[in-house]
Amino acid sequence: MRFPCRSHGGALFRRRDLRAAIVVAGLLAPVADAAALWKDKVEVFVSETITHDDNVFRLSDGVDSAAAIGSSSKGDTYTTTSLGFRFDVPVSRQRFLGELKWDDTHYDHFT
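Reading the values: rules and limits
Residues numbered from 1 in each chain as written. Predicted model: local features only at pLDDT ≥ 70, side-chain atom pairs only at ≥ 80, totals over all residues. Heavy atoms only, no water. Helix = DSSP H or I, 4+ residues; strand = E, 2+ residues; numbered from the N terminus. Contact = heavy atoms within 4.5 Å. Areas by Shrake-Rupley, 256 points an atom, 1.4 Å probe, with all protein chains shown as cover. Salt bridge = Lys/Arg side-chain N within 4 Å of Asp/Glu carboxyl O. Buried < 20%, exposed > 50% of the residue type's maximum accessible area, 1.4 Å probe, protein only. pLDDT = per-residue confidence, 0-100. Polar contact = N/O pair within 3.5 Å; in protein donor to acceptor, adjacent residues only side chain to side chain. Pairing = 2+ DSSP bridges. Axes fitted to C-alpha atoms, helices over the stretch in contact; angles between N-to-C directions.

### Digging into the overall build of the protein
Scanning the protein from N- to C-terminus turns up 2 helices and 3 strands. Sequence separation of at least 24 residues holds for 59% of the intrachain contacts in the protein that already meet a minimum separation of 6. Accessible surface, the protein as shown: approximately 8,900 Å² in total, 57% of it carbon and sulfur.

### Focus: the pattern of salt bridges
Opposite charge on two side chains permits them to pair, given that their charged atoms come into close proximity. Counted according to the given criterion, the structure contains 6 salt bridges. Ionic pairing is found between E43 and R86, a salt bridge with its closest N-O pair at 3.1 Å. In this pair, E43 sits in strand β1 (residues 42–53) while R86 sits in strand β2 (residues 76–91), placing the two residues 43 residues apart along the sequence. Note on R86: relative accessible area 32%, which makes it partly exposed. Where D53 meets R58, a salt bridge forms, and the shortest distance between an N and an O atom there is 3.0 Å.

### Looking at the confidence of the model for the protein
With 83% of its residues at a pLDDT of 70 or more, the protein shows a mean pLDDT of 82. A low-confidence stretch, residues 1–7 stays under pLDDT 50, and its non-local contacts, those more than four residues away or across chains, total 8 contacts.

### Comments concerning the environment of S82
Within the fold, S82 resides in strand β2. Here S82 falls in the buried class, since its relative accessible area comes to 6%. Sequence separation of S82 and W102 is 20 residues, and the distance between their C-alpha atoms is 5.6 Å. Among residues more than four places away in sequence, those in contact with S82 are F45, V46, S47, K101, W102 and D103. A polar contact is formed between the side chain of S82 and the side chain of D103, at a distance of 2.5 Å.

### Considering the sheet that holds β2
Strand order in this open sheet of 3 strands is β1-β2-β3, and the pairing throughout is antiparallel. Because the sheet does not close on itself, it has two edges, and the strands there are β1 and β3 (94–107). Averaged over neighbouring strand pairs, the angle between their axes works out to 20° when direction is ignored. Here 14 bridges tie β2 to β3, and the two strands are oriented antiparallel to one another. Residue pairing for β3: T80 is matched across the bridge by T105.

The following block contains the structure:
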């Protein structure tokens, strides 16, 4: 059975199924103590955010969205996956702070 998809063929449904499975596994997993890296000076993180925006392009109500963006709908739902680490390293009287973060955003309708 084939499901219609607006873009990327069936990849969108597979990605949603995988993300849903990860969320369910995370909710059912037992809570464990956090692992401290480098004497609790480094924090590693992963997050997934699902957002719906009614007006992605911030078009005013007077603008014809079909003419401006090629779609009658101004809204879209998008997911953002973030992966990265933060560090807080005190050295003598100084403190070195930093963060490296990678974000990947996928829209359901718009590209």
